[in-house]
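# Structural overview
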Amino acid sequence: MNSPTSGCPFSGGNTPASPVTKSCSPSDCGPLPVTHGNLLDFPRDPIACMRELYNQHGNIAALEQDGTRLYFAFGPQYNQQVLSDPKSFHSRFFAIRGPKNSAQRRLTCGLLSMNGEDHKRNRRIVMGPFQKRSIETYCGSLAGLSEQMLEGWRPGQVRNIFSDMTHYMLRVTSSILFGFDQTELAYSIGEKTERWVRMNHDLGMGSMLPNARNPAEYEQLLTQADALEAEILKMIALRRASPTEGNDVLSLLIRAHDDDGAKLTDNELIGQAAILFAAAHLTTANTLTWTLFLLAQHPKVAQELFDELTGVLHGEAPKLEQLEQLPLLDRVINESMRVLPASSYSQRTNPEPMDLGPFHLPAGSMIVFSQFITHHMESLFDQPYRFMPQRWKTIEPSPYAFMPFAAGPKMCIGASLAMMTIRITLATVWQRVRMSVIPGANINGLVTSTMLGPTTGMPMLLMGTKSPYTNSWVRGNIHDLVQLDWPESQRAGKSNVA
Ligand code: HEM
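Reading the values: rules and limits
Residues numbered from 1 in each chain as written. Predicted model: local features only at pLDDT ≥ 70, side-chain atom pairs only at ≥ 80, totals over all residues. Heavy atoms only, no water. Salt bridge = Lys/Arg side-chain N within 4 Å of Asp/Glu carboxyl O. Buried < 20%, exposed > 50% of the residue type's maximum accessible area, 1.4 Å probe, protein only. Axes fitted to C-alpha atoms, helices over the stretch in contact; angles between N-to-C directions. Helix = DSSP H or I, 4+ residues; strand = E, 2+ residues; numbered from the N terminus. Left-handed = near helix turned anticlockwise from the far one by under 90°. Contact = heavy atoms within 4.5 Å. Nonpolar A, V, L, I, M, F, W, Y, C, P; charged D, E, K, R; others polar. Phe/Tyr/Trp six-rings, centres within 6.5 Å; stacked < 30°, edge-to-face > 60°. Near = heavy atom within 4 Å. Polar contact = N/O pair within 3.5 Å; in protein donor to acceptor, adjacent residues only side chain to side chain. Pairing = 2+ DSSP bridges. Parallel < 35°, antiparallel > 145°, perpendicular 65-115°, else oblique. Expected span 1.5 Å × (residues − 1). Core = buried A, V, L, I, M, F, W, Y, C linked by side-chain atoms within 4.5 Å.

Enumeration according to the criterion identifies 18 salt bridges in this entry. Two residues, Glu64 and Arg69, come together in a salt bridge whose shortest N-O distance is 2.6 Å. The class for Glu64 is buried, based on a relative accessible area of 13%. Residue Arg69 is classed as partly exposed on the basis of its relative accessible area of 25%. The residue Arg239 makes a salt bridge to Asp248 at a minimum N-O spacing of 3.6 Å. Note on accessibility: Arg239 and Asp248 belong to one class, buried. Here the salt bridges do not stand alone but share partners, grouping Asp181, Arg239 and Asp248 into one network.

Have a look at this one:
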């Protein structure tokens, strides 16, 4: 298929097929919307691949190599069909499952890979700690952690904000999931989980190619899984030793039980703890980084947000009830998650043969749906590649048109916690410092294991709160993902830096 930078990402509708892509014409394979290419193009650069399929074929398409097809379903109608019918569309987890009775197998048995009654039972239990009244108790701790992060920040520093947000979210996620009293062990579980997620991705190219396994790397993955599981078990033992204390998620899960009084077993707790960490940490860190980047690149919005925040919060971290008084903050977050959704696609598989659009799918096919493609449909969002928070004053997209946390019975259970974390962090940071992307910085975004994150860091200059907001010309494939402007004064300098 084409390179990520080919074609115009901002053209919206169906751009002509690129000359290097061999696409089916009705005469050689009927009217089916199929592109023949390399299946590896998808995990290598999911957004470029999906965009090309969408531009060529519209809302339903397949990528085929040697008779094997990946199916792609885009837009609200297909999203609803795929996401609201968990009997016909099962989860297909990104990680490698590992041998029976291995740590790798137990770690990949969390909610995200569950289906049917098992999923329903576990979800009912795991949902408990994520109910509004439970997560609200974390508000003060989140404010404290964001203040703590800012302690070392000074005007004049150049900081890699992505690295800052990743470390900060390791701290936040480990504390919320495992408690504030075992910080070292909790943080170590977080670091090991992060490494384990990356190894799963690198090894299996997002589980798309089980045959691409390199035996030595596979052994390393299993060893990493053993080490991670050992630490989670240690934490479970510590929490079991004080069964009535602790409002961390793990303690709440240990105390929780289903309608029949059955509790989660250690094996179930291992799977749920691993997936909760993996699902929470980088998605939130990426969203925070992208939002700070988009704000820094849009000075007018940046100033308006600063005014809203300081008007209500007067420089302090927000209290729970104040979060309801910050409408622009919510619009900024929505718009950031629309333009650069941390979760950019996900996948399902069909346990039985079925029809989807014009295709007849054999059982076990892989079906991809995509937030990124749906969020950038011109029919749903005017100028979809532009960051325009004010659009949220007038639009109210359906849950299948705007779905940063997906939708239906497998929708993210951490959505409210994630939103509270993002709101508190942005509100605190944005009042204390101004930041500007280093002019000419190389900013790139790529999807790894379904998550869209910055791959070459996010270098920002910190400034005092009296400095004017200024956007910067930047390099990199970020220009394929969002339509940015930069000041006239930097236009001439642009070619020098490149
Ligand atoms: C900005 C941050 C986040 C984003 C963008 C996000 C996005 C998503 C999406 C799109 C899904 C559905 C995946 C699918 O259907 O294949 C999902 C599922 C899930 N998320 Fe999140 N998530 C975020 C934060 C969190 C947090 C903070 C937690 C928990 C601490 C969490 C826990 C989960 C779990 C357990 C599932 C699986 C639910 C199920 O299968 O029933 N997520 N998330």
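Having seen the model, we can carry on.
Helix-helix packing is described using two parameters, namely the angle between the two axes and the distance between the axes. Put simply, helix α15 (residues 327-339) and helix α17 (residues 415-432) touch, their axes get as near as 11 Å, and they point 115 degrees apart. α17 is crossed by α15, and the crossing has right-handed handedness. For the pair α15 and α17, the contacting residues are Leu329, Asp330, Ile333 and Met337 in the first and Met419, Ile422, Arg423, Leu426 and Ala427 in the second. Tallied by class, residues from the contact of α15 with α17 come to seven nonpolar, no polar and two charged.

Time to look at the packing of aromatic side chains. Applying the stated criterion across every chain yields a total of 10 aromatic pairs. Arranged with centres 6.3 Å apart and planes meeting at 15 degrees, the rings of Phe178 and Phe277 form a pair that is stacked. One end of the pair, Phe178, is in helix α9 (residues 161-178); the other, Phe277, is in helix α13 (residues 266-296), and 99 residues separate them in sequence. The pair formed by Phe178 and Phe277 is uniform in burial state, with each residue classed as buried.

In the vicinity of the ligand lie 23 residues, with His119, Arg123, Ser346, Arg348 and Cys412 positioned nearest. Take Ser346: an N or O atom from its side chain is 2.5 Å from an oxygen atom of the ligand. A distance of 2.7 Å separates an oxygen atom of the ligand from a polar side-chain atom of Arg348. With six residues, the single largest contributor to the shell around the ligand is α13. Class assignment of the residues belonging to the shell around the ligand gives a composition of 12 nonpolar, eight polar and three charged.

This part takes up the side chain of His119. Relative to the assigned elements, His119 resides in helix α6 (residues 116-127). Dropping the residues within four chain positions of it, His119 is found in contact with Leu111, Met114, Pro409 and Lys410.

Our focus in this paragraph is unusual backbone geometry. One non-glycine residue, Gln383, lies in the positive phi region at around 40 degrees. Assignment of secondary structure puts Gln383 in the loop between α16 (371-375) and α17. Even without glycine at this site, Thr450 takes up a positive phi of about 70 degrees. The topology assignment puts Thr450 in the loop between β12 (445-448) and β13 (451-454).

The next thing to look at is the sheet that holds strand β14 (residues 459-463). Judged by pairing direction, the sheet is antiparallel, and its three strands sit side by side in the order β6-β14-β11 without closing on themselves. Both edges of this open sheet fall to β6 (158-160) and β11 (434-437), since each of them pairs with a single strand only. Neighbour-to-neighbour, the strand axes of the sheet open up by a mean angle of 40 degrees, direction not taken into account. Bridging between β6 and β14 involves three bridges; their strand directions are antiparallel. When the bridges of β14 are listed, Val158 appears paired with Leu461. Its contacts with the sheet put α9 on β6, β11 and β14, and the angle it makes with β6 is roughly 55 degrees.

Where helix α8 (residues 139-150) contacts α9, the axes come no closer than 11 Å and their chain directions differ by 150 degrees. One finds that α8 runs roughly antiparallel with respect to α9. Seen from above, α8 lies across α9 with right-handed handedness. Counted together, Leu142, Leu145, Ser146 and Met149 of α8 and Asp164, Met165, Tyr168, Arg171, Val172, Ser175 and Ile176 of α9 form the full contact between these two elements. Along the lines of polarity and charge, the residues of the contact of α8 with α9 split into seven nonpolar, two polar and two charged.

Take α9 next. Under the 1.5 Å per step criterion, the end-to-end length of α9 is 25 Å for 18 residues, consistent within 8% with the ideal 26 Å. Burial analysis of α9 places 15 of its 18 residues in the buried class, the great majority of the element. Of the residues flanking the start of α9, the one acting as N-cap is Asn160, its side-chain oxygen 3.1 Å from the backbone nitrogen of Phe162. With its phi angle positive at about 100 degrees, Gly179 sits one or two positions after the end of α9.

With that out of the way, let us pick up the nonpolar core. The biggest cluster of nonpolar side chains holds 134 residues, and the ones touching the most others in it are Phe42, Trp153, Trp430, Met435 and Ile478. The dominant element in this core, judged by the number of residues it contributes, is α13, at 16 residues. The contact partners of Trp430, leaving out residues within four places of it in the chain, are Leu292, Leu295, Ala296, Ala302, Leu305, Phe306, Leu309, Met435 and Tyr469. The next biggest cluster of nonpolar side chains, apart from the first, holds 18 residues, and it includes Tyr71, Tyr78, Met354 and Ile367.

Tracing the backbone shows Asn38 in the loop between β2 (34-36) and α2 (41-44). Overall, the relative accessible area of 28% leaves Asn38 in the partly exposed class. Other than its neighbours up to four places away in sequence, Asn38 contacts Arg44, Leu63 and Gln65. In terms of polar contacts, Asn38 uses its side chain to reach the backbone amide nitrogen of Leu40, at 2.9 Å.

Note that all results are geometric; they support no functional claim without further evidence.
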